[in-house]
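Here's the letter readout for the chains.
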Amino acid sequence: MLRLCGGRLAAQLGSLHGSLQKPACGSVRGVLSCIDPSLGLNDVQKEFQKVAFDFASREMAPQMAEWDQKELFPVETMRKAAQLGFGGIYVRSDVGGSELSRLDASVIFEALATGCTSTTAYISIHNMCVWMIDSFGNEEQRHKFCPPLCSMEKFASYCLTEPGSGSDAVSLMTSAKQQGDNYILNGSKAFISGGGESDIYIVMCRTGGPGPKGISCLVVEKGTPGLSFGKKEKKVGWNSQPTRAVILEDCAVPVANRIGNEGQGFLIAMKGLNGGRINVASCSLGAAHASVVLARDHLILRKQFGEPLANNQYLQFKLADMATRLVASRLMIRNAAVALQEEREDAVALCSMAKLFATDECFTICNQSLQMHGGYGYLKDYAVQQFVRDSRVHQILEGSNEVMRMLISRNLLQE
Amino acid sequence: MAELRALVGVKRVIDYAVKIRVKPDKTGVVTDGVKHSMNPFCEIAVEEAVRLKEKKLVKEVIAVSCGPKQCQETLRTALAMGADRGIHVEVPESEAERLGPLQVSRVLTALAQKEKAGLVLLGKQAIDDDCNQTGQMTAAMLDWPQGTFASKLTLEGDKVTVEREIDGGLETIRLKLPAVVTADLRLNEPRYATLPNIMGTN
């Protein structure tokens, strides 16, 4: 009966006897009542959350360590996810999207991230890019670019950051000079997730004068002469996605590839990031949830001084703190997601607060879970260290947590 | 046969990944607030029925579940996987504990006749009680042939060839429709419901 041949049911029954080495696939579906991520969701949301959790535990968790160590970009697995509708979650259905809400997307990314945080983060970036084309592109662009992106036949990358402009994104220098029917692009983008592998690059570049109003958004397709890539960066985490510089040297891009009007690029980029921040925070949430479950299981199993670690009050209290902050983070994210989908005026500030709070708290939770594992937590045989490494960068990108504070204080201090 | 209707029984059970706890009064296990989902063998049965429909060998897949109102969640999952209709035979919470294979077989028998089903597909057993009786009892009540522990199913005209996993190895039998088949582990690998399908069940 326990012949582990094919059949995911066989894998399920096998994982019941799993050792410490197995990632939190089995127990994540179980009931740990106060941190149950399905609480407060409606029936339909619970249904696709279940699909996302199942997909994460069966298709992603067993491979997350290999993807990290061998730096593999799991194209086939992501395409399977896209078949379920995860390629364009909040994109309109007439171009292949699932037309769900921001809250739905957060629930899905949180669940997928328990399987592999790094891969889910890339999927969320891809989703953000498709949405930008769906929302701001004209009909021709939507129907040309979105369907193959929703199915993940093609992959997308978001190119805003440059070597000279990170937090000060507005000061970007990549230029786009119009010549006839084309823009000629010159410049370089740094730290681009999916760089070199993606087929579609959403590039924010300067078509006009200085400041935000001079920036436009262009779709650059892989293979365009003048588009090249830097070396694949060696990173502490997020190793299942390649990160490269994107180099543009006299790269001719049709004017027809411009998303929105000239001068609208920065606005489009920022609107994309609002959702992107919720998404990346949701990925942190998944990592933290998995880490809390792993910590809990370890405390029950591991004995020292004659009893399970779970009998130690300090560790009980520590676990309670971790769980409390996990739920607080989740509530902030879901609240911000609802504000965004309702287009409330406080949405930007709420998304910034949620990203700031959740990415900080969730990294700490993952780190504390690692500490509870003792020496084992430091070994790559155990998943918790990968959750720590993968979630660390969420405090830095999509707008560093310092930039989040800028946006929040600006909201508070505006006249 | 493009006129064939498949009736698939689906049971709502405690999720396989949950750590079961016995109730303090020792009368059973804790089910309140515990995560439930579709019995894994029932998922395999639904998957097989949907595959037959996709091959145009079955006209309609009807999912059935007996129990309290939470069974509708299980039916929703079946619909999201591709079943055409779901029938919820409502049994109040207070009586649900006494619902066993004998009662469910009677329900399935009546429904199979009412819906004019030509194929009844069930999971071989439920993971909560491990009875492995409902399929066999239903076949007996309907006086239909049965192919239990199916690891392979082939529909050809009015016959179904079933490869069964038995103690001694594999046995292949051929049944004349209408028939009852119960699904074993290796019959297929159930699909994930897609987001559009889940939204469609709303």
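This structure is a prediction, so every number in the text was calculated from the model and none was measured.

Student: Which residues make up the sheet that holds strand β10 (residues 179–183) of chain B, and what values go with them?
Tutor: All names here are of chain B. In spatial order, the strands read β5-β4-β1-β6-β10-β7-β8-β9; together these 8 strands make up an open sheet with mixed pairing. Edge positions in the open sheet fall to β5 (85–90) and β9 (169–176), since each of these has one partner strand only. Strand-to-strand twist of the sheet, defined as the mean angle between neighbouring strand axes without regard to direction, takes the value 30°. Docked against the sheet, helix α1 (residues 40–54) engages β1 (5–9), β4 (60–67), β6 (119–123), β7 (146–156) and β10, running at close to 145° with respect to β6.

Student: Explain the packing of aromatic side chains to me, using residue names and the numbers behind them.
Tutor: This model, assessed by the stated rule, comprises 9 aromatic pairs over all chains. With 6.2 Å between their ring centres and 55° between their planes, A:Y122 and A:F155 make a pair best called tilted. With a gap of 33 residues between them, A:Y122 in helix α7 (residues 117–136) and A:F155 in the loop between α8 (139–150) and β1 (156–159) connect regions that are remote in the sequence. We classify A:F155 as buried; its relative accessible area is 3%. Taken together, the aromatic side chains of A:F55, A:F86 and B:Y192 make up a single cluster linked through ring pairs. One cation-aromatic arrangement involves A:R392 over A:F363; the distance from NZ or CZ to the ring centre is 5.6 Å.

Student: Account for the UniProt feature "active site" (unreviewed entry) in chain A, with residues named and values stated.
Tutor: All names here are of chain A. Here, the residues flagged by UniProt with the feature "active site" (unreviewed entry) are E398. Its place among the elements puts E398 in the loop between α12 (384–392) and α13 (401–413). For E398, a relative accessible area of 11% translates into the label buried. Look past the residues within four positions of E398 in its chain and what remains in contact with it is I125, M128, L273, G276, R277, V280, K355 and M404.

Student: Break down unusual backbone geometry for me, citing the residues and quoting the values.
Tutor: Negative phi is the rule for most residues except glycine; trans is the rule for most peptide bonds. All names here are of chain B. A cis amide bond, omega 0°, links L177 with the succeeding residue P178. Along the chain, the position of P178 falls in the loop between β9 and β10. In this model, D130 sits at a positive phi of 55°, which is unusual for a non-glycine residue. Positionally, D130 belongs in the loop between β6 and α5 (134–142). The class for D130 is partly exposed, based on a relative accessible area of 45%.

Student: How would you sum up the environment of B:C71? Please name residues and give values.
Tutor: All names here are of chain B. Note on placement: C71 falls in helix α2 (residues 71–81). For C71, a relative accessible area of 4% translates into the label buried. Ignoring sequence-local partners within four residues, the contact set of C71 consists of R12, S65, C66 and H88.

Student: An account of the pairing of β4(B) is needed here, citing residue identities and associated values.
Tutor: Residues and elements named next belong to chain B. In terms of burial, β4 is largely enclosed, as 8 of its 8 residues are buried. A two-sided burial pattern is seen for β4, the buried positions comprising E60, I62, V64 and C66 on one face and V61, A63, S65 and G67 on the other. Of the pairings in the sheet, the one linking β1 to β4 comprises 5 bridges and is parallel in character. Opposite V8, over in β4, you have A63 as the bridge partner. Summarising the sheet, β4 and β5 pair through 6 bridges and their orientation is parallel. Bridge pairing in β5 places S65 opposite H88. For the crossover that starts at β4, traverses α2 and ends in the parallel β5, the hand is right-handed.

Student: I'd like a description of the pattern of salt bridges, backed by residues and values.
Tutor: According to the stated counting rule, one finds 37 salt bridges over all chains in the structure shown. Each of the salt bridges in this network shares a partner with another, and the network as a whole consists of A:R92, A:D94, A:D134, A:E139 and A:R142.

Student: Give a detailed account of the confidence of the model for chain A, specifying residues and quantitative values.
Tutor: The predicted model of chain A has a mean per-residue pLDDT of 92, with 92% of residues at 70 or higher. Under a pLDDT of 50 for its full length, residues 1–29 of chain A has, in the predicted model, 58 contacts with residues more than four places off or in other chains.

Student: Lay out the side chain of A:S157 in plain terms, naming residues and giving numbers.
Tutor: All names here are of chain A. Along the chain, S157 falls in strand β1. Relative accessible area serves as the criterion here: at 0%, S157 is assigned to the buried category. Here S193 takes part through its backbone oxygen, which lies 2.7 Å from a polar atom of the side chain of S157. Setting aside chain neighbours within four positions, we find S157 in contact with C129, I192, S193, G194, G195, S198, I200, Y201 and I202.

Conventions adopted
Residues numbered from 1 in each chain as written. Chains lettered and ligands numbered in written order. Predicted model: local features only at pLDDT ≥ 70, side-chain atom pairs only at ≥ 80, totals over all residues. Heavy atoms only, no water. Pairing = 2+ DSSP bridges. Helix = DSSP H or I, 4+ residues; strand = E, 2+ residues; numbered from the N terminus. Axes fitted to C-alpha atoms, helices over the stretch in contact; angles between N-to-C directions. Contact = heavy atoms within 4.5 Å. Phe/Tyr/Trp six-rings, centres within 6.5 Å; stacked < 30°, edge-to-face > 60°. Buried < 20%, exposed > 50% of the residue type's maximum accessible area, 1.4 Å probe, protein only. Lys NZ or Arg CZ within 6 Å of the ring centre and 35° of its normal. UniProt positions renumbered as here; feature names shortened; annotations may be inferred. Right-handed = clockwise from strand over helix to strand, strands pointing away. Salt bridge = Lys/Arg side-chain N within 4 Å of Asp/Glu carboxyl O. pLDDT = per-residue confidence, 0-100. Polar contact = N/O pair within 3.5 Å; in protein donor to acceptor, adjacent residues only side chain to side chain.

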